[in-house]
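Here's the letter readout for the chains.
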Amino acid sequence: MMGEEADDREVRMRLGGRDVALTVTHEQVAMAKEIVRRILVEPFTKRPWTELAFYLVSGGLAGLGLMFVGLTMVAGVALAITFFGVAVLALSVRSARGLGGWTRSLAGSMLAEHIDDPEPFVAKSGFLGWLQSALRDRVGWRAVGYLAVKVPWTLLGFYVAFSLWWDAVVCLIYPFMGSGASNPPLFGIERGLFFQDGNNYGPPGFFHAVAVVLCGGIFLLAAPWVMRGFVNVDRMLMRALLGPDPMAARVRTLEQARSQTVDASAATLRRIERDLHDGTQAQLVALAMRLGMAKEKLGQPDEVDLDRVRELIDEAHRGAKEAIAELRDIARGIHPPALDIGLEGALATLAARSAVPTGVSVDLQARPTPAIEAITYFCSAELLANVAQHAQASRAFISCAQQGTWLRLVVRDDGCGGAQLSTVGSSSSGLAGLTDRVHAVDGRLNLISPPGGPTVVTVDLPLSA
Amino acid sequence: MVEALRVAIAEDSAILRDGLVQLLVDRGFVITGAVGDPSALRSSVAQFQPDVAVIDIRMPPTFTDEGLRLALELRDRYEGLGILLFSQYIETRYAADLLSDNAAGIGYLLKDRVADVSDFVEALERVAIGGTALDPEVVTQLMGATRQIDSLSVLTTREREVLGLMAEGRSNAAIANALVVSEGAVEKHVANIFAKLDLPVSDQDHRRVLAVLRFLES
């Protein structure tokens, strides 16, 4: 029937007087062979037998368990009007939970079906508290439900699977039973698998015997799969009723998500406040101070140091404009608008505004999250301000590059160095604030500033936070 | 001023710190240290023994009340060191902590006050020589929160003004100056206030402050 090609095979047959040719691919053949092999080998592997063993053991356990739980439950309900009945009912639910635990560990060790433990039983204090907790224990009640479903299901499974095995054996030995053999039954049904002339139990015909043996073979091969079907339904039942309460798990997930969101928004508010406090407010105070000084100088009765006044007003003027700009930034999305076009543009703007000539190099494949961009920007701004104020540098350089999932910001200058995270006499103050901000997103800040310079500040930030 | 007052500054905002240094140097003060965090101020004060320390309340590492704790610590360690707390917010609680047993050489001002340079410098000098300088905001908050409303209502408007200025730590002369009245008139108001509120009379300004604050807090 089959062709001889090495790879794809052609199947030819006569159907209804016509020649039909089918091409079967190599893979299809291999798959078919595998399926046949599995079917033939399966009864002789370990798996159906462990499944059967599990079925027997867990079924027995469930049967006894249901008997106990059922009896206590009936007794509990019957006596519910008394305190004793309530206690019995609570005990019943607690035992069901225990049985559920045993069944879970049986499934784990025998079937390698590992079901997560449900929420542990937490009793309120006192005996009454214990009673209340036990009666409200969802896990316990779900275990009761499991037992109630499991026992009939197990009985049905026993009946079907055992019948198949039994029938298989009976069918297979049928030809050898001699003329006294009764017609093999099917699922225990009296009339048997093959009717043979009413009640006439004559010696079986040859074809009849072959058909019965074939049937026996099919039963034998099918039995493990039927068994597996029953076990698989049991697995589903166990996962649904003995595992963690899906509702409770969902509540937990949501609680976590909510607390993260709350934390994040609290952190955002804190950051805004910090931005306002360190930036605009400080700038406005400094501005008011300069104007105050200028005002006093102008009020002096003797000669007025006009150059100094002009200088003060100039500084105040600049400060006012910066404060306005910063305030606008904060109001508009709490991050510098320049960041809308990306770090490169924002840092270039920053460098252009810096008092010390500053070069910029940005090399990022992916855009960091807005929070990281903002921190990078504010770090650069503060570091450049430090350079301008303390370093006596003639040049500064900002580089911002991606290293894996991290962003590395390096700000270096050729100034006098000696910057510290906390210094006596001089200052570097803002650095500590920056460190705090960087830590908030699990980043790192490293300062190298030997006396005499140069100063190199390296900030590593995760690309997303 | 015979000798220039020596000032240490702890302020974590570079802009403000530099501005303060500029202002105080301009006014003839000697700056012994301008630092950005508590531990730096601690060592700076130990080394240079300034007359007065200007301390920002919110400083690294936690940016909460480092400055306040540092101020309490320094006040206990260095007798005669004036301490001016400097903040963008007024917390009456902080004022209470600070003035719990002694108001001598203590100041608590909003940062905004530097805009009025002379007032600020005057407050700083007062603190440096053992006086008290409380921000009007602190006094307003205390007067607003006090349960002594009934007692305060026996005071005239002018007397209440004098009470407020007294609580800020001002001397009779300064109060007279501020209200544009004679010092004698102020003395009369003060005597009336103490009599009406049944406060212990004291000739030292900072004790007077404490008495008034006790009254407002009670």
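Residues numbered from 1 in each chain as written. Chains lettered and ligands numbered in written order. Predicted model: local features only at pLDDT ≥ 70, side-chain atom pairs only at ≥ 80, totals over all residues.

**Considering the overall build of chain A**
On a plain count of helices and strands, chain A comes out with eleven helices and seven strands. Out of the 465 residues belonging to chain A, those deemed buried represent 30%. Taking as baseline every contact in chain A between residues at least 6 positions apart, the subset at least 24 positions apart corresponds to 65%. (Helix = DSSP H or I, 4+ residues; strand = E, 2+ residues; numbered from the N terminus. Buried ≥ 20, exposed ≤ 12 C-beta atoms within 10 Å, placed from the backbone. Contact = placed C-beta atoms within 7 Å.)

**What to know about the interface of chain A and chain B**
On the side of chain B, 30 residues touch chain A, which itself brings 28 residues to the contact. Listing elements by their share of the side of chain A that touches chain B, those giving two or more residues are helix H7 (246-299), helix H10 (370-391) and helix H11 (430-440) of chain A. Considering each element in turn, the side of chain A that touches chain B owes the most residues, 14 residues, to H7 of chain A.

**Focus on the sheet that holds strand E5 (residues 106-110) of chain B**
Residue and element names in this part refer to chain B. As summarised here, the arrangement of the six strands in space is E2-E1-E3-E4-E5-E6, forming an open sheet in which the pairing is parallel. Whereas interior strands pair on both sides, the edge strands pair on one side only; in this sheet they are strand E2 (30-35) and strand E6 (132-134). When the angles between neighbouring strand axes are averaged without regard to direction, this sheet yields 20°. In this sheet, E5 lies alongside strand E4 (residues 82-87) in parallel orientation, the contact comprising five bridges. Across the sheet, residue Ser87 finds its bridge partner in E5, namely Leu110. Contacting strand E3 (52-56), E4, E5 and E6, helix H5 (residues 117-128) crosses the sheet at an angle of about 140° to E4. (Pairing = 2+ DSSP bridges. Axes fitted to C-alpha atoms, helices over the stretch in contact; angles between N-to-C directions.)

**Looking at unusual backbone geometry**
With an omega dihedral of 0°, the bond running from Pro60 of chain B to Pro61 of chain B counts as a cis peptide bond. The backbone phi angle of Gln392 of chain A is positive, close to 50°, even though this residue is not glycine. By secondary structure assignment, the location of Gln392 of chain A is in the loop between H10 and strand E4 (396-403). Not every positive phi belongs to a glycine, and Val180 of chain B is a case in point at roughly 55°.

**Regarding the packing of helix H8 (residues 157-168) of chain B against helix H10 (residues 183-197) of chain B**
Residues and elements named next belong to chain B. It is the contact of H8 with H10, at a shortest axis distance of 10 Å, that shows an interaxial angle of 90°. Relative to H10, the element H8 lies roughly perpendicular. On H10, the residues touching Arg158, Glu159, Val162, Leu163 and Met166 of H8 are Val186, His189, Val190, Asn192 and Ile193. (Parallel < 35°, antiparallel > 145°, perpendicular 65-115°, else oblique.)

**Here we look at the pairing of E4 of chain B**
Residue and element names in this part refer to chain B. Burial of E4 is extensive: five of the six residues sit out of reach of the surface. Where E3 meets E4, five bridges bridge the pair, whose relative direction is parallel. Paired with Val54 across the two strands is Leu84, which belongs to E4. For the handedness criterion, the β-α-β arrangement of E3, helix H3 (residues 66-77) and E4 is classed as right-handed. For the segment spanning E4, helix H4 (residues 92-98) and E5, crossover handedness is right-handed. (Right-handed = clockwise from strand over helix to strand, strands pointing away.)

**What to know about the confidence of the model for chain A**
Residue and element names in this part refer to chain A. With 86% of its residues at a pLDDT of 70 or more, chain A has an overall mean of 81. Below pLDDT 50 for its whole length, residues 1-5 participates in eight contacts with residues either more than four positions away or in separate chains. Below a pLDDT of 50 lies the segment residues 197-202, which in the model reaches one contact outside its immediate sequence neighbourhood of four places, other chains included. (pLDDT = per-residue confidence, 0-100.)

**Description of the packing of helix H9 (residues 172-179) of chain B against H10 of chain B**
Residues and elements named next belong to chain B. Two numbers describe how H9 lies on H10: the axes approach to 8 Å, and their chain directions differ by 110°. When the axis of H9 is compared with that of H10, the two are roughly perpendicular. Residue-level inspection shows Asn172, Ala173, Ile175 and Ala176 of H9 in contact with H10, the latter providing Glu183, Ala185, Val186, Glu187 and Val190. When grouped by side-chain class, the residues that make up the contact of H9 with H10 number six nonpolar, one polar and two charged. (Nonpolar A, V, L, I, M, F, W, Y, C, P; charged D, E, K, R; others polar.)

**Observations concerning the sheet that holds strand E7 (residues 455-462) of chain A**
The strands making up a sheet associate through backbone hydrogen bonding, with each pair oriented either parallel or antiparallel. Residue and element names in this part refer to chain A. Taking strand neighbours across the sheet as the criterion, the five strands line up as E3-E4-E5-E7-E6 in an open arrangement whose pairing is mixed. Bordering the open sheet on either side are strand E3 (358-363) and strand E6 (444-448), each of which pairs with just one other strand. Averaged over all adjacent pairs, the angle separating strand axes in this sheet is 10°, with direction ignored. Pairing of E6 with E7, which is carried by five bridges, proceeds in the antiparallel orientation. Residue pairing for E7: Leu447 is matched across the bridge by Val457. The strands touched by helix H9 (residues 343-353) are E3 and E4; relative to E3, the strand with the most contacts, the crossing angle is about 175°. Across the sheet, H10 lies against E3, E4, strand E5 (406-413) and E7, angled at about 10° from E5, the strand it touches most.

**Quick word on the nonpolar core**
In this structure, Ala53, Ile55, Leu84 and Leu85 of chain B are the most contacted members of the largest nonpolar core, which totals 83 residues. Per element, the largest residue contribution to this core is nine residues, and it comes from H7 of chain A. Counting residues in hydrophobic clusters, the runner-up holds 36 residues, among them Leu52, Val88, Val93 and Leu164 of chain A. (Core = buried A, V, L, I, M, F, W, Y, C linked by C-beta atoms within 7 Å.)

**Overview of the environment of Ala249 of chain A**
Structurally, Ala249 of chain A is set in helix H7. C-alpha separation for the pair Ala249 of chain A and Glu119 of chain A, spaced 130 residues apart in sequence, amounts to 8.9 Å.

**Details of H8 of chain B**
Its twelve residues give H8 of chain B an end-to-end C-alpha distance of 17 Å, which sits within 8% of 16 Å, the value for a rise of 1.5 Å per residue. Trailing H8 of chain B by a residue or two, Gly169 of chain B shows a phi angle of about 105°, which is positive. (Expected span 1.5 Å × (residues − 1).)

**Some remarks on the pairing of E3 of chain B**
With five of its five residues buried, E3 of chain B lies for the most part within the structure. Here E3 of chain B shows two buried faces, one formed by Val52, Val54 and Asp56 of chain B and the other by Ala53 and Ile55 of chain B.

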